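# Remarks on the overall topology
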Amino acid sequence: QVQLVESGGGLVQAGGSLRLSCAASGRTFSSYVMGWFRQAPGKEREFVSAITGSGSNTYYADSVKGRFTISRDNAKSTVYLQMNSLKPDDTAVYYCAARLLIVGSIRYGSLYEYDYWGQGTQVTVSS
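Report follows, based on the coordinates.

### Here's the deal with a nonpolar patch on the surface
Among the surface-exposed residues, L100, I102 and V103 lie close enough to one another that they form a single nonpolar patch of about 320 Å² accessible area. Structurally, I102 can be placed in the loop between strand 9 (92–100) and strand 10 (116–117). You can call I102 exposed: its relative accessible area is 64%.

As structure tokens, then:
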């Protein structure tokens, strides 16, 4: 069982930056693929970014590529999402997700691949 706790959300002006963190409980954090998803009011939850257990591979939605950076610190069992050049369209609740993956690969952008979810953190970007 893995518990995920997000932090770092808030209100920021367009063009600003925020850094989200997701702290995971449990052992063998490095065996988990970690993902970030977001859900805006009235919209479906969508993929933002993912990172493999070792951190060697990262994946991004086209809408955030070049602006957001995902990283992880396995010693701290934490994954981060650095968000720069924020836009009002980035306003959403951001969720951290985890999937145990020892070998092989998954559809990193599919929320159905992830087994554990955090409670979410609100990000609001004002124009």
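Once you've had a look at it, read on.
### A word on the packing of aromatic side chains
According to the stated counting rule, one finds six aromatic pairs in the structure shown. Ring geometry for F37 versus W117: centroids 5.1 Å apart, planes at 55 degrees, classification tilted. Residue F37 is located in strand 4 (residues 32–39), and its partner W117 is located in strand 10; the two are separated by 80 residues in the primary sequence. Taken together, a centroid distance of 4.2 Å and an interplanar angle of 10 degrees make the contact between Y59 and Y108 stacked. Of the two residues, Y59 sits in strand 6 (residues 58–60) while Y108 sits in the loop between strand 9 and strand 10, which places them 49 residues apart along the sequence. Owing to a relative accessible area of 10%, Y108 belongs among the buried residues under this scheme. Joined through ring pairs, the aromatic side chains of F37, F47, Y114 and W117 make up one cluster. Taking the ring centre of W117 as reference, the NZ or CZ of R45 above it sits at 5.0 Å.

### As for the nonpolar core
Note on soluble globular proteins: their nonpolar side chains tend to be buried together. Of all hydrophobic cores here, the largest spans 37 residues; its most connected members are M34, W36, V79, L81, M83 and Y94. Where this core is concerned, the elements lending two or more residues are strand 3 (18–24), strand 4, strand 5 (46–51), strand 7 (68–73), strand 8 (78–83), strand 9 and strand 11 (121–126). When neighbours within four sequence positions are excluded, M83 is seen to be in contact with G16, S17, L18, L20, R67, F68, Y94 and V123.

### Notes on the state of the cysteines
A covalent bond between the sulfur atoms of two cysteines is what we call a disulfide. The final tally for this structure, using the stated rule, is one disulfide. One disulfide in the model links C22 with C96; its S-S distance is 2.1 Å. An S-S torsion of about -80 degrees defines the bridge between C22 and C96 as left-handed. Here C22, found in strand 3, pairs with C96, found in strand 9; they are 74 residues apart in sequence, far enough to count as distant.

How each quantity is defined
- Every chain is numbered independently, its residues counted from 1 as its sequence is written.
- The predicted origin of the model limits local features to residues at a pLDDT of at least 70 and limits the giving and counting of side-chain atom pairs to 80 or more, whereas totals for whole chains, interfaces and linings rest on all residues.
- The basis for every side-chain value is the complete set of non-hydrogen atoms in the structure, without hydrogens or water.
- Here the term patch refers to residues with relative accessible area over 30% and no salt bridge, with like charges joined within 9 Å and nonpolar side chains (Val, Leu, Ile, Met, Phe, Trp, Tyr) within 5 Å.
- Residue burial considers only the protein chains on display, and all accessible areas are found by Shrake-Rupley using a 1.4 Å probe.
- Each reported salt bridge corresponds to a side-chain nitrogen of Lys or Arg within 4 Å of a carboxyl oxygen of Asp or Glu.
- For helices the rule is a DSSP run of H or I covering at least 4 residues; for strands it is a run of E covering at least 2, with both sets numbered from the N terminus onward.
- Relative accessibility decides the category of a residue: with a 1.4 Å probe and only protein chains considered, values under 20% of the type maximum give buried, values over 50% give exposed, and everything between is partly exposed.
- Working definition: rings of Phe, Tyr and Trp (its six-membered ring) pair if their centres are within 6.5 Å, and the pair is stacked with planes under 30 degrees apart, edge-to-face with planes over 60 apart, and tilted otherwise.
- We count a charge as sitting over a ring when the NZ of a lysine or the CZ of an arginine lies within 6 Å of the ring centre and within 35 degrees of the ring normal.
- Among buried residues, the Ala, Val, Leu, Ile, Met, Phe, Trp, Tyr and Cys ones that are joined through side-chain atoms within 4.5 Å form a nonpolar core.
- Every residue pair with non-hydrogen atoms within 4.5 Å of one another is taken to be in contact.
- Criterion for a disulfide: a pair of cysteine sulfur atoms within 2.5 Å.

Bear in mind that shape data such as this cannot, by itself, settle questions of function.
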